[in-house]
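Each chain, written out:
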Amino acid sequence: MAEDRRAPVLVGRQRETEVLTAALVQAEDGASGSTVLLRGEAGVGKSTLLAWA
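Residues numbered from 1 in each chain as written. Predicted model: local features only at pLDDT ≥ 70, side-chain atom pairs only at ≥ 80, totals over all residues. Heavy atoms only, no water.

(A) Fine view of the overall build of the protein chain. Looking only at helices and strands, one finds 2 helices and 0 strands in the protein chain. Taking 53 residues into account, the globule formula puts the C-alpha radius of gyration at 10 Å, and the protein chain, at 13 Å, lies well above it. For the protein chain, the spread of C-alpha atoms along the three principal axes comes to 35 × 30 × 15 Å. A total of 53 residues make up the protein chain; the buried ones form 8% of that total. (Helix = DSSP H or I, 4+ residues; strand = E, 2+ residues; numbered from the N terminus. Rg over C-alpha atoms; globule rule 2.2 N^0.38 Å. Buried < 20%, exposed > 50% of the residue type's maximum accessible area, 1.4 Å probe, protein only.)

Here's what the structure looks like:
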């Protein structure tokens, strides 16, 4: 069985996805020194944001 590799649909996470996208673009361009910290209460979607990225 093939693994589903589609990014999850996120609702109300525009700011977070913009920050993650910017960090990924910088990393792809060879920039260094960027860190993204995902924190929050259990069940708020940290793992979903990570899967999206």
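And the narrative resumes.
(B) Just the pattern of salt bridges, in detail. Counted by the stated rule, this structure contains 1 salt bridge. Ionic pairing is found between Arg 13 and Glu 16, a salt bridge with its closest N-O pair at 3.5 Å. (Salt bridge = Lys/Arg side-chain N within 4 Å of Asp/Glu carboxyl O.)

(C) Local environment of the side chain of Thr 17. Mapped onto the elements of the fold, Thr 17 is located in helix 1 (residues 14-28). If we skip the residues at most four places from it in the chain, Thr 17 touches Leu 10, Leu 49 and Trp 52. (Contact = heavy atoms within 4.5 Å.)

(D) Quick peek at helix 1. Taking 1.5 Å per residue, 15 residues should reach 21 Å; helix 1 reaches 21 Å between its end C-alpha atoms and fits that length. Those residues of helix 1 that sit buried are Thr 17, Leu 20 and Ala 23. The buried residues of helix 1 occupy an angular sector of 125° when projected down its axis, which confines them to one face. Helix 1 presents Gln 14 and Arg 15 as exposed residues on the side facing more than 90 degrees away from its buried surface. Where helix 1 is buried, its residues contact helix 2 (46-52). Two residues or fewer after helix 1 comes Gly 30, characterised by a positive phi angle close to 90°. (Expected span 1.5 Å × (residues − 1). Arc of directions from axis to C-beta.)

(E) Layout of the environment of Gly 12. Mapped onto the secondary structure, Gly 12 falls in the segment before helix 1. The class for Gly 12 is exposed, based on a relative accessible area of 74%. In this structure the C-alpha to C-alpha distance between Gly 12 and Leu 50, which are 38 residues apart in sequence, comes to 15 Å.

(F) Looking closely at a nonpolar patch on the surface. On the surface, Val 19, Val 36, Leu 38 and Leu 50 cluster together to form a nonpolar patch covering roughly 330 Å² of accessible area. Looking at the secondary structure, you find Val 19 in helix 1. Owing to a relative accessible area of 45%, Val 19 belongs among the partly exposed residues under this scheme. (Patch = residues over 30% accessible without salt bridge, like charges linked within 9 Å, V, L, I, M, F, W, Y side chains within 5 Å. Areas by Shrake-Rupley, 256 points an atom, 1.4 Å probe, with all protein chains shown as cover.)

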